[in-house]
Every structure is written in C-alpha cells, then in structure tokens.
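# Results of the structural survey
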Amino acid sequence: MASPPRTETSPSSVPMHTGPTHVVVVATDDKESAPCCCCCDDGCEEENEERGNWSCNFESILASISNAIGPGYLWVMPYVIYRNGGGAFVSTYLVMQMFISFPIVYLEMALGQYTSQGPIRAWRGVPILQGIGVGMVVMSAILCIYYNSLVAQMLYYLFYVTGDLNRATSCANVWNTAGCAEQSPLAADEYFNNYVLQLSDGIDNMGAVRGPLAGFLILAWLLVAVALSFGAKSLGKVAYVTTLVPIVLIVVMFIRAVSLPGASEGLLYLLAPSTAGWNSNIYPAMITHIVHRLSLGYGGYTTLASYNRFHNNVLRDAILVVFIDFLVMWFCALTTFSFFGYLAYELGLSIENVVATGPRFAFVTMVTVLSRLPSGAVWAGLFFFTIFLLGYGSQIVLVETVVTSLSDLVPTSLIKNLPGRESGLLSRRTMLHGVMTVAVCFLFFLLGLPYVTQGGSYLLTVVDSYNSIIQPHIFILLECVALTYLYCASCNRCCPALNRWMSDLSHMLQHVCCFCCATVVNGMAAVAWVYYIPIVMLIHLIFVGILDLWPHQLWYGSYVFPSWVHVLGNFIASTSLIMIPLVTIINIIIAFVRGQPGSIISPPDWGPYLTKHRRDVTMDRQPYRPVQHVHGQPRSQAPTVDDTKL
C-alpha cells in the first residue's frame, strides 16, 4: 500500500540539530512511497534512477526462477533420482531444499538487494574475501562460453530435426553404420554424432568448424544480446517467455506422456522407494545436484536481486523460487520417466536399457520417442522449444552476471561524462550496459567457436567436468563465513558480524514483511549460515577427496581422454579459485598503502547504494525534521536524506 502522507514544513524554520554524530535511522522523504506487495501498484516507480530497477517485481521472481530451472531438469535430474533410490531420494531432496537451498538463495538475493551491486562489488563489504564475487564471475563466464554451444545444438534440432524425424531415425543415410537399426536410439545416436557433430576421433583432432552449428551459435548470441540490450528492463520482459512458457509446455508434455502405453511402468520405476541406490556416494551426489540445479554460488541471484527496490520482500521471493524449482523438477522427472516407459514398451526392452542422461537424452532418446508418436513433429517442436527456452533463460542470467559485474566497476565520474540521459532507457548507465553486452557477447562468441568444431564435444566435456566441480561449494562455504564471522566493524560484542548482517536484513525488510515471520525465518536462516551449511559444504569437499570423486578419468562414449587433459582441467578449476587469495592480497596492499589497515575488515563507506537507505548518515550533515505534536506531546522526527547516489 502507499505510504501515509507526511506533514511538510520549511526546514529553515527549524534550528539545525547539533547533537552527536552517532548512527540514526533515516526516514524516507516524500518522494519515496512505502513498498507494496502488489507489483502493479504505486510501489513500482523507479527508485534507483541511475542504475535502474525492474519494471515490476514479478519480473525479478521470474528471472530468478529462470536462473534456477534449466535443461538439466529434463535430462539430468530424472536419471539422478532413478539411480539414487527413486521416491526415497525425492523426499530427502525436498528436505535438503528447505534446509540448504533456501538459506543460500535467501543470502545471495538479500546481499544483492541490500547493496544494489553485482557479485564483485556486493562482496566489497568483506574486502578480505571479496574474491568470492570475482571467482563467481570468472566461473560464470567460463560456463556461459560453452553453454551457448549447447543452446546452438538445441536450435539446430528445433529448426532441422523437428520436421525431419524420419531422417534422424533412419538407417538409409551415408553416415549410418552396418549395425544401425531403424527408429532406434542407435540410429538417432549416429545422426547426432556422425552427421550433426561429425565427431572427430579425439580431442587431439579438433577438426573444422561445423558451419550449421556456428550459424546457430551466432543466432544464440544475438538472442542473448537482444535480451540484455536494456539491462533489467529487457531481461524482465524476456523472463516472461523463458519462465512461464516452458512451465506450461512441461505440464502439457506431462499430460501427453502419462497417457502413453507403458508410462505407468516408467512412473512406478521412478517412484518406487528403494535403498538399492543408497551408498556412500549418494550424499555428495545430492549436495552436488542441489548446488548445480539451482545455480547456487554462481552469482546469478545476487545480480538479479541487485535491481530490486531496497525494501522489496526478498524473503518471499526466495521462498517462491525454491518452491517452484522443486515443483518443476518433479514434473520434469515424471514426464521423462513416462517417456522412458513408453520407449521401453515400444522396443520391448526393460526401462534400465533405455534410460539416458545428459544431452544424449534430448538428442537421441527423445528423438526416438518422438518419431514413434502420432503427430511426432508437433511434439518434437514443443519439446525442443522447451529445452531451448530453459537453456536460453539460464544463459542470459549467466551473461548478465558478467556484464553487470563489469558495469559496476566503471567509476561514476566516468559514467557522468558519457552521452545520454540521467535516467530511463536511454540513460548513460543503460547505454554503457548495452555496449558492454555487445562486446561481451562478441568476445564470448569467438571464444566459443572451438566448441562447435568436430572435436568440440570433447573440449566441452573436459571444461564442464572441471569448471564447477567444487568451486560453487567453496564459494558457498566462504560466503557463509564472510557474512556471519567477518562482516563486522568491531568485535566489542558477541557475534558482531552476524548481528550486523541480521540488523541489515531487518532494516531492509521492516516495511514489507511480517515481524513474526521474518524473525522466525531469519533465525532459522542464521542457524544455517553459521553452523550446518558451512559444515555440510566442508564435508562435501572432504567426500570429494576421500571418495576419489575428482575426475581422474574422463570418457565420451567409448573414447578415453588422454592424461594431459587433466592438467588442462585442473588449470580450469583453479582459474576461478585463485581469485580469492589474489583479491585478498590486492585489497590488503591497497589498505596499507592508503594508511587505512582497518578498512580490510570493514570499509568506511560501505552500505546501500542510495544514501537515503543508509542508517549511518551523520546528523550534522542533515536538516532536522520539524516537530510534530502527538496527543499534545512533541515528537522529534528523524532527519531527511537527499537521494544522492554513491
């Protein structure tokens, strides 16, 4: 609802306050309306005119959901559920979602909203661990370079295979081998490897660039540039398509899948609780997929929340994202195994013989399934359009994380000298964002060309295996440590870092969240941040070492990678991790050179982006509010603050 009207009188008629310069709570001025839970009410005006906000808070929620869900929910999670106990795994996964996923999503979103900055600048509040944000951006940059090559393959199948399923599952082609079988996964596999990819004999032979895939890679990057051309304004509009449309299409495909013969056997195979898959690897597998499927530790939630209004109900947003994410994962698993049951019924095989994971599920198994359906071309179009939108939605958030972080590093004094308006779609900041988006997309396109060569799938396998195997878990561990143990200006009371962070959350949520709900949920989240999430992440890292889960050996089908590949993989893994100590050393040197060693713990200018949202404004710099009389008694008002950008 709108804020209540305030009585205004001239400040000149009231003497200036000359009290001590201690911390005060800053009241909003008449230009700031109280936040509103309704996205389309008076609370949706532009608050941060320089940096920009979402046109509607609903767009922020949709973009965050789009960041959470991806193609992996169709081609990875169903296989993980099947391999790890079926229904028993799902119930455990739901509990882990509530007690691990939600606190991390809430922390990353709250940090971005409080600072109105991308990951690099958001972690400036703890300079000794600011490398967390830099590492997240580096990891996301490496990921989005090769991720778009998968999006290019999705586009290829959407445009070429949808109307030519018979050719993709036929054995009467020049690329087929003698062992091919009509309308079988083997025929679709040969189409994918021998025709679409024209796969070389190994990573030592990268071969030539595949023209059709390179063309679709250009299209994929053009679509990313268009989606991010106006920053959050354009991204928010694209999020309606990349989030709502795939969810609707998944429900439609679920209805179609469960109506097929053999679908019930597939569902029983998925849902039957079993402890056969429970072993020592199930716990690290569960933690790994919780982190990767929701994109925790990648900086995406911090980036998206940085465009929220300061008093937005970020607690509600985090709950919605995690809850909808679980529902989408559940529908994807049911849909996938219904199709597996149908394919096993058609081929006369057991379900375990047709289960597939990864891109092979989409480009081989589903092509075989769709070729056997009535009106298969229509369902193929819906399926490939769905996975394209899921991949596209995740990709634009990854690129936005990089672009926003780079834009935040540009000094405000330099931005003021650029051509453009102060605010709006043609503002200097928006134009700078657009230029950086085009530059980043062009550079990443060039760096992504090796992934669309004949040996590109081998390179993709190596980079994907090492780029985020332990990095996001380390980032999550350190961000919990940073905000609950190191985020403090002094150590004169118990848990100063945690108290300071919880105070910041209370200040941000004071207008929009029920006090009792916020207290209970924040208390539960604090326990997670301080105690068990760091312990869980540390145990996971120990599991990776003790159980030898580090990829010492890699395969692509029957091809075994040479040993030198692991040297390349370890270098890729260290690229983002090395940023943590490197940035720490740089910040320590800068602090001592400036003669401010204490700033390495807490920068003196740290706080929200807009001055009016800060609580540490000194009273001697602010005009004093006129006295209002309540029931005959004078009541002093907090000072007003100019809407000055830092």
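Residues numbered from 1 in each chain as written. Predicted model: local features only at pLDDT ≥ 70, side-chain atom pairs only at ≥ 80, totals over all residues. Heavy atoms only, no water.

### Structural notes on the nonpolar core
Note the cut-off: Here, nonpolar core means buried Ala, Val, Leu, Ile, Met, Phe, Trp, Tyr and Cys residues that are tied together by side-chain atoms lying within 4.5 Å of each other. Only protein chains enter the accessibility calculation, which uses a 1.4 Å probe; a residue whose area is less than 20% of its type maximum is buried, one above 50% is exposed, and one in between is partly exposed. For the purposes of this entry, the term helix denotes a DSSP run of H or I that reaches at least four residues, the term strand denotes a run of E that reaches at least two, and both are numbered from the N terminus. The contact criterion used throughout is that any non-hydrogen atoms of two residues lie within 4.5 Å.
Tyr106, Tyr157, Phe383 and Phe384 are the most contacted members of the largest nonpolar core, which has 199 residues in total. A per-element tally of this core places helix H6 (residues 131–161) first, with 22 residues. Setting aside anything within four residues of it in sequence, one finds Phe383 in contact with Leu74, Met253, Phe361, Ala362, Met366 and Leu370.

### Quick look at the confidence of the model for the chain
Rules: The score called pLDDT rates the predictor's confidence residue by residue, from a low of 0 to a high of 100.
Of all residues in the chain, 85% attain a pLDDT of 70 or more, and the chain-wide mean is 84. The low-confidence segment residues 1–38 (pLDDT under 50) makes 65 contacts with residues lying over four places distant or belonging to another chain.

### A word on helix H4 (residues 87–115)
Cut-off, in case you're wondering: Working rule for helices: expected span equals 1.5 Å times residues minus one. What we call the bend at a residue is the angle made by axes fitted to the seven residues finishing there and the seven residues starting there.
Between its first and last C-alpha atoms H4 spans 41 Å; for 29 residues at 1.5 Å apiece the expected length is 42 Å, and the two agree. Of all the bends in H4, the largest measures some 40° and sits at Gln97. When you tally the buried positions in H4, you get 23 out of 29 residues, the bulk of the element. A positive phi of about 55° marks Ser116, the residue just after H4.

### Here we look at the environment of Leu296
Topologically, Leu296 is positioned in the loop between helix H12 (282–293) and helix H13 (300–305). Residues Leu296 and Val105 lie 191 residues apart in sequence; the distance between their C-alpha atoms is 6.9 Å. Once residues within four sequence positions are removed from consideration, Leu296 is found in contact with Ser101, Ile104, Val105, Glu108, Ile290, Val291, Tyr301, Pro472 and Ile476.

### Observations concerning the state of the cysteines
Using the following cut-off: Disulfide: a pair of cysteine sulfur atoms within 2.5 Å of each other.
The final tally for this structure, using the stated rule, is one disulfide. Here Cys171 is linked by a disulfide to Cys180, with a sulfur-sulfur distance of 1.9 Å. Residues Cys171 and Cys180 are joined by a disulfide whose S-S torsion is about -75°; by sign, that bridge is left-handed. Its relative accessible area of 16% is what places Cys180 among the buried residues. With no disulfide of its own, Cys144 lies closest to Cys441 among cysteine sulfurs, the gap being 8.4 Å. Overall, the relative accessible area of 0% leaves Cys144 in the buried class.

### Looking at the side chain of Glu59
The topology assignment puts Glu59 in helix H1 (residues 57–68). When sequence neighbours within four positions are dropped, the list of residues in contact with Glu59 reads Trp54, Ala232, Gly236, Lys237, Ala239 and Tyr240.

### A closer look at unusual backbone geometry
Residue Gln198 is not a glycine yet carries a positive backbone phi of 45°. Topologically, Gln198 is positioned in the loop between helix H8 (185–196) and helix H9 (211–227). The phi dihedral of Ser375 falls on the positive side, at around 55°, and the residue is not glycine. Here Ser375 lies in the loop between helix H15 (359–371) and helix H16 (376–408).

### Here's the deal with the packing of aromatic side chains
Worth spelling out the cut-off: Under the pairing criterion, centres of Phe, Tyr and Trp rings, with the six-membered ring standing for Trp, must be within 6.5 Å; the plane angle then separates stacked pairs below 30 degrees from edge-to-face pairs above 60, leaving the rest tilted. Criterion for a charge above a ring: Lys NZ or Arg CZ within 6 Å of the ring centre, and within 35 degrees of the ring normal.
Per the stated rule, a full pass over the model turns up 35 aromatic pairs. Aromatic side chains Trp501 and Trp529 sit 6.5 Å apart centroid to centroid with 55° between the ring planes, which places their arrangement in the tilted category. Taken together, the positions of Trp501 in helix H21 (residues 496–509) and Trp529 in helix H22 (residues 515–546) put the pair 28 residues apart, joining distant regions of the chain. Trp529 gets classed as buried once you look at its relative accessible area, which sits at 0%. Positioned above the aromatic ring of Tyr307, the side-chain terminus of Arg51 is 4.5 Å from the ring centre.

### Observations concerning the environment of Ala344
Mapping Ala344 onto the fold places it in helix H14 (residues 314–347). By relative accessible area, Ala344 is classed as buried at 6%. If sequence neighbours within four positions are ignored, Ala344 has contacts with Leu349, Ser350, Ile351 and Val354.

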